Amino acid sequence: MLRYAYILVLGFSLAFCRQTPTLFRQIPSAQSGITFNNLVTENDSINPLDMEFLYNGGGVAVGDFN
């Protein structure tokens, strides 16, 4: 009986799953004009264990509000 309940829950889950539309799309840098690349080359002295903020690079802002 419990097996049928699992199958029923799985069936409802799959039946009511809908793919949400994406809000953003990727565009090439030639079109956007943004050429930033946060390339980090790790070695013995530069690694995430020694420098915890290693991968916190400059990002791209969507807007600037003052």
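The shown structure was predicted, so the numbers you read here are calculated from the model rather than taken from an experiment. (Residues numbered from 1 in each chain as written. Predicted model: local features only at pLDDT ≥ 70, side-chain atom pairs only at ≥ 80, totals over all residues. Heavy atoms only, no water.)

Caption draft 1: Molecular detail of the overall build of the protein chain. In terms of regular secondary structure, the protein chain is built from two helices and zero strands. Expressed as a percentage of its 66 residues, the buried residues of the protein chain come to 3%. Looking at the protein chain as shown, the accessible area adds up to about 7,100 Å², and 60% of this sits on carbon and sulfur atoms. (Helix = DSSP H or I, 4+ residues; strand = E, 2+ residues; numbered from the N terminus. Buried < 20%, exposed > 50% of the residue type's maximum accessible area, 1.4 Å probe, protein only. Areas by Shrake-Rupley, 256 points an atom, 1.4 Å probe, with all protein chains shown as cover.)

Caption draft 2: Helix H1 (residues 2–15), seen in detail. End to end, H1 covers 20 Å across 14 residues, agreeing with the expected 20 Å (1.5 Å per residue, within 8%). For H1, a buried count of zero out of 14 residues is recorded, marking the element as mostly open to its surroundings. (Expected span 1.5 Å × (residues − 1).)

Caption draft 3: Region of interest: a nonpolar patch on the surface. Together, Met-1, Tyr-4 and Ile-7 give the surface a local cluster of nonpolar side chains, amounting to about 440 Å² of exposed area. Tracing the sequence through the fold places Ile-7 in helix H1. (Patch = residues over 30% accessible without salt bridge, like charges linked within 9 Å, V, L, I, M, F, W, Y side chains within 5 Å. Salt bridge = Lys/Arg side-chain N within 4 Å of Asp/Glu carboxyl O.)

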